[in-house]
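# Observations on the model geometry
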Amino acid sequence: MATLPTYPWRLAPQGLATRRQLRAMGLRPGGQDVAAQIERPRRRRGPLVAYLYRVDDAKPVRPMTPARWAALAKANAARRRCPQCRRDAGYVIPAELGTCVPCAYPEDEQRAA
Ligand SMILES: [Zn+2]
């Protein structure tokens, strides 16, 4: 296979998703080629590899209805909401932090102010 862009696990760029993540959004790759891959190192074995697909080029599993779009928008909004300050962070809350960046690093915000 031609050289695919490879990213560490959890550091996939925005707009790319694994088949499983697409499925969670009600999408499927839809015949597109693999866009990139992510690797998770494992002891004594080759890394665990997952292929990434472009969310933009993904097709709905079923035709999207207004209700399905609304549910998707609601799910995305929930992923952007910080569980600590309850604000819409404007980006998906990083799983590593568990909160928005100002909540995770309050001292940085004070220094910048
Ligand atoms: Zn917050």
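So, a few notes on the structure that sits alongside this text. (Residues numbered from 1 in each chain as written. Predicted model: local features only at pLDDT ≥ 70, side-chain atom pairs only at ≥ 80, totals over all residues. Heavy atoms only, no water.)

### A look at the environment of Cys-85
Our working rule: Helix and strand assignments come from DSSP, with helices taken as H or I runs of at least 4 residues and strands as E runs of at least 2, each series counted from the N terminus. Burial classification: accessible surface area is computed with a 1.4 Å probe over protein chains only, and a residue below 20% of its type maximum counts as buried, one above 50% as exposed, and the rest as partly exposed. Contacts were defined at the residue level, with two residues in contact if any of their heavy atoms lie within 4.5 Å.
Mapped onto the elements of the fold, Cys-85 is located in the loop between helix H2 (66-80) and helix H3 (101-104). Relative accessible area serves as the criterion here: at 25%, Cys-85 is assigned to the partly exposed category. Sequence separation of Cys-85 and Leu-16 is 69 residues, and the distance between their C-alpha atoms is 28 Å. Dropping the residues within four chain positions of it, Cys-85 is found in contact with Cys-100 and Cys-103.

### Here's the deal with a nonpolar patch on the surface
Our working definition: Note that patches include only residues with greater than 30% relative accessible area and no salt bridge, and the join distances are 9 Å for like charges and 5 Å for nonpolar side chains (Val, Leu, Ile, Met, Phe, Trp, Tyr). In short, Shrake-Rupley with a 1.4 Å probe defines the accessible areas, and a residue's cover is counted only from the protein chains shown. Take a side-chain nitrogen of Lys or Arg and a carboxyl oxygen of Asp or Glu: if they are within 4 Å of each other, that pair is a salt bridge.
Together, Tyr-91, Val-101 and Tyr-105 make up a nonpolar patch on the protein surface, roughly 250 Å² of accessible area in all. Counting through the fold element by element, Tyr-91 comes out in the loop between H2 and H3. Judged by its relative accessible area of 32%, Tyr-91 is partly exposed.

### Remarks on the side chain of Thr-18
If you trace the backbone, Thr-18 turns up in strand E2 (residues 16-18). Thr-18 gets classed as buried once you look at its relative accessible area, which sits at 12%. Those residues in contact with Thr-18 that lie beyond four places of it in its chain are Ile-38, Ala-50, Tyr-51, Leu-52 and Tyr-53.

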